[in-house]
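Structural characterization, general
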Amino acid sequence: MNENISFTLNDKAVSVNTDGERPLLWVLRTDLGLTGTKYGCGKALCGACTVIMDGMAVRSCVIPVSNVEGRKILTIEGLAKNGKLHPIQEAFAKHDALQCGFCTPGMILNAYSLLSSNPEPSRQEIIDGMEYNLCRCGAHTRIIRAIEEAAQEMKGAR
Amino acid sequence: MNEDKLQVAERGRDESQYPVSRREFLQGLGGGVVILFAVGDPPATGQGRGGQRPDFNAYLHIGEDGRVTCFTGKVELGQGPMTSLAQTLADELDVSLDSVDMVMADTARCPFDAGTWGSTTTPQFGPILRAAGAEARAVLIGLAAVRLKVPKDRLAVKDGVVFDKTQESRKVTYAQLTKGKKIERHLESAPKIKTVGQYNLIGKPINRLDAVQKVTGRAKYAGDIRLDGMVYAKVLRPPSHGAKLKSLDASAVDGQEGFQVVRDGDLVAVLHKYPDLAEQALSKLKVDYDIPEPRFDDKTVFDYFIKNAGNGRVNGKPAGNLDTGARLAKEVVEQTYLNGYVAHAPMEPHTAVAHFEGNKLTVWASTQTPFGCQRQLTSDLGMPSENVRVIAPFVGGGFGGKINYDQAIQVVKIAKIAKKPVQLAWSRADEFFYDTHRPAAAVKIKSGVDASGKIVLWDYSIYGMGGRGASLFYDVPHNRVTIYQRHHLLKTGAWRAPDNNTNSFARESHIDLMAARAGIDPLDFRLRNIKDEKFQRVLKAGADKFGWTPAKKSPSGRGYGMACGFDVGVPVVLFAEVKVNERSGAIQVKRVVCAQDLGLVINPEGVTLQVEGCITMGLGYALTEEVNFAGGVVRDENFDTYELPGFSWVPEIESVLIDADDEPSKGAGEPAIICMGGVLVNAVYDATGARLRQIPMTPERVKQALAKRA
Ligand code: FES
Ligand code: FES
């Protein structure tokens, strides 16, 4: 059943007319043309499709698009502001916290959510918070380091 | 090179003497300096664009704006060749890194390349690229000498500016020198390249050139290609390998608004403008298959292999006489080691887009072998090769699995019937099914040690895979490696350092077993039995870093293990510390030290990254990863049953590189992974006294081994 669904996407109002059961992931990637959000498993098992919904990380492959009506969605494309990378993006680039880069958008947004609920996480809290985001290239150590540094950086900016 | 010769090169070029492809490659480059070069054996004959391979397989161009572009068929899969090649080139040319552009993996713009795999990019490509850079620099210096009226030996270059060393204001930029020129050179003899002390960039850690694109989501992978009128295809995955499609009733889907069903033989696909809807519709197809009887499954596979081994063939050069070896041995130890199938499981499943326009076809594919793919399509379709273009954009991990490009073959068949651009991305379940798995294998070893702790007998039999990593680097006078027939029901293929993971696991488990029986410390035992000096250095450096000390008893309870390996010319040694939870059977790896000799290291940061990648990926095959199957049916469909290493698994990782700047560079993408099975098995033994003969060491298997412990 097609319906009109309106929400805020990367600070802009958008609306789509589509079957509300469809996963947010595919509406973002196809209808809305934002391809930074990736498919890795389709079953909430890998985190490649992570986006931020009202400030919290969610797995867009299992979120029916009708659920985002009236909500705020942030995707990787919306993280850098005015051409300036977000501190988490900076830190990922600086620490080589990526290889193939396919898990990277999901990693960054999951870290974003982690740091907004816990701005000064311990190393163990970072590990626990990131555990279910998969990276096949083995960038884990770098990712942890990048998140640690981003946390520092963001603390300084507050 | 004197100015006269340059002038000849400029004027005397006769386009018609070149093969079609060379002319094509050079068209549209505009002015500037072009250096053509071949890597490895020059690809002078055989198939390629226009039925002819060019006599070079990479080139670099310095444009009239001074920008340097390197055209290569290599693919950026995550291991960073885009960065390391640019770094190499910038250094040799004395230009800044950001003035180098890399054009990669596009069959229409880059000359032939066999594929990106097996740690070959840095060792084979690096030196030639450096030579090409040096040649280009020499040409430019030659031009500058004429322009500035200064002898060449008084000139130096920095950041693309040539200047007189005695009067720095006398200078000219590369851009000014190339302006209005068209110079083409073929790299024949290697010019002088920089030596260790002269590098500016080589050997320095630098950040990846693709980092910003990747952290902003702008990096384009095959699945991110959007074309007008493009639809998404989802393929109907057969229930089993070897299954034959008996009947198909697509009426519930085909012709429904927005849907189309396409069939080409056993290949069936649903098309829709949204991939999720295409996928959903697959379940509405009514299909019937003939499925072959399963001959074995993940439990019985090893028995099957050994019972149906046929006559083996001896691998490599056997030495001495096994009977003599057995007579010299104080004790003969025999053991069989088992290792299952594993999946490549890159985070990006195989994806491709096919676009026919008139008589031309363009394919974007996540593949490690764009040229192989192009050749295959050319012959399948009977199209002239210049009309088939394959591009591998950023690829989301390959590990050997994307040497295979079945998804591209499928999408082209589908697009041809559908008559519109089509994108096909395999689902995760498709990926587990169609992937070429690392073969399961059994290794039987019969060995003996004499009274002095010297290995005197080594009789090594392989069932299910090949012999990479099986030739012995231990010094054993009587030794033989035999490879037996393979029987696989799943597709198998190269997986990061093919065969070597299983061979190293078996060998190093067995070496440890012998050391324990002989009552000799595992490090000491290895040092006594490996003569090679390089290897000895690596062993000692690693042991030093790890802080290895001989234990009073074996097992020591400390949970220390070590393992050696040899891959793509690189001696590698791993040391590890583990903790085993005897109640749950869970293994936590605390620390891993990796020592290796990689020759000259171009980008140490890149190497460390690769080592971390190898060790993390290695945790998977050592601890959990194993494909569940019965006959041709693959039971794993996603990451719930097929478990990849997560953040909490990752140990402290330290990498030691032996200083060898005067030796050629070797690839770092594989060696570090090969010892992970062996080192962890040995560490678990040291922690608990239980020696596992089969990996992955799942909690079940650990508990069984603990229960069997004497
Ligand atoms: S694609 Fe959504 S969690 Fe894997
Ligand atoms: S960087 Fe390749 S999957 Fe994480």
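Residues numbered from 1 in each chain as written. Chains lettered and ligands numbered in written order. Predicted model: local features only at pLDDT ≥ 70, side-chain atom pairs only at ≥ 80, totals over all residues. Heavy atoms only, no water.

A word on the overall build of chain B. Across its full length, chain B holds 18 helices and 29 strands. Against the globule reference of 27 Å for 710 residues, chain B gives a C-alpha radius of gyration of 28 Å, in line with a compact fold. Burial status across chain B gives 62% buried among its 710 residues. Of the contacts formed within chain B by residues at least 6 apart in sequence, a portion of 75% connects residues at least 24 apart. Accessible surface computed for chain B: about 26900 Å², of which carbon and sulfur atoms make up 48%. Computing the positive centroid from 89 side-chain charges and the negative centroid from 84, chain B places the two 2 Å apart. (Helix = DSSP H or I, 4+ residues; strand = E, 2+ residues; numbered from the N terminus. Rg over C-alpha atoms; globule rule 2.2 N^0.38 Å. Buried < 20%, exposed > 50% of the residue type's maximum accessible area, 1.4 Å probe, protein only. Contact = heavy atoms within 4.5 Å. Areas by Shrake-Rupley, 256 points an atom, 1.4 Å probe, with all protein chains shown as cover. Lys, Arg positive; Asp, Glu negative; His and termini not counted. Charge placed at Lys NZ, Arg CZ, Asp CG, Glu CD.)

The next thing to look at is the nonpolar core. In terms of nonpolar packing, the biggest core is built from 228 residues, with Phe92 of chain A together with Leu680 and Met697 of chain B touching the most fellow members. Here the element with the most residues in this core is helix H4 (residues 121-148) of chain B; it accounts for 11 residues. Apart from the residues lying within four places of it in its own chain, the contact partners of phenylalanine 92 of chain A are Ala97, Leu98, Thr104, Met107, Ile108, Ile143, Ala146 and Ile147 of chain A together with Val215 of chain B. (Core = buried A, V, L, I, M, F, W, Y, C linked by side-chain atoms within 4.5 Å.)

Residue and element names in this part refer to chain B. Within the open sheet, the four strands sit side by side as E23-E24-E25-E28. Their pairing is mixed. Since the sheet does not close on itself, it has two edges, and those belong to strand E23 (560-567) and strand E28 (652-657), each with one partner. For this sheet the average axis-to-axis angle between neighbouring strands, irrespective of direction, equals 20°. With six bridges joining them, strand E25 (residues 587-596) and E28 adopt parallel strand pairing. If you follow alanine 595 over to E28, its bridge partner there is valine 656. (Pairing = 2+ DSSP bridges. Axes fitted to C-alpha atoms, helices over the stretch in contact; angles between N-to-C directions.)

The next point concerns the domain arrangement of chain A. All names here are of chain A. Assigned domains of chain A: these are domain 1 (2-78) and domain 2 (87-157). Each of domain 1 and domain 2 has a C-alpha centre, and these two points are 21 Å apart. The interface is formed by 17 residues belonging to domain 1 together with 13 residues belonging to domain 2. Of the roughly 1200 Å² buried between domain 1 and domain 2, counting both surfaces, carbon and sulfur atoms make up 63%. Taken as a group, Lys38, Thr50 and Ile76 account for 36% of the area that domain 1 buries against domain 2, more than any other trio of residues on that side. Summed over the shared surface of domain 1 and domain 2, the number is five residue pairs in polar contact (both at pLDDT 80 or more). Those elements that place two or more of their residues in the side of domain 1 that touches domain 2 are strand E3 (50-53) and strand E4 (56-59). Each residue belonging to the side of domain 1 that touches domain 2 can be placed in one class, and the counts come to 10 nonpolar, five polar and two charged. (Domains from an automatic or database assignment. Buried area = accessible area lost by both parts, 1.4 Å probe. Polar contact = N/O pair within 3.5 Å; in protein donor to acceptor, adjacent residues only side chain to side chain. Nonpolar A, V, L, I, M, F, W, Y, C, P; charged D, E, K, R; others polar.)

On to the pairing of strand E11 (residues 260-264) of chain B, then. Direction of pairing for E11 of chain B relative to strand E12 (residues 267-272) of chain B: antiparallel, over a ladder of five bridges. Paired with arginine 263 of chain B across the bridge in E12 of chain B is valine 268 of chain B.

So, about the interface of chain A and chain B. Counting residues at the interface gives 48 residues for chain A, matched by 57 residues for chain B. Between chain A and chain B lies a buried interface of about 4300 Å² when both sides are counted; carbon and sulfur atoms form 59% of it. Taken as a group, Gln99, Arg136 and Arg142 of chain A account for 20% of the area that chain A buries against chain B, more than any other trio of residues on that side. On inspection of chain A and its partner chain B, the count reaches five salt bridges. Here chain A and chain B share 22 residue pairs in polar contact (both at pLDDT 80 or more) between them. Counting only elements with at least two residues in the side of chain A that touches chain B, the list comes to helix H1 (24-31), helix H2 (87-94), helix H3 (104-117), helix H4 (123-130) and helix H5 (140-157) of chain A. With six residues, the single largest contributor to the side of chain A that touches chain B is H5 of chain A. Taken together, the residues of the side of chain A that touches chain B break down into 23 nonpolar, 13 polar and 12 charged. (Salt bridge = Lys/Arg side-chain N within 4 Å of Asp/Glu carboxyl O.)

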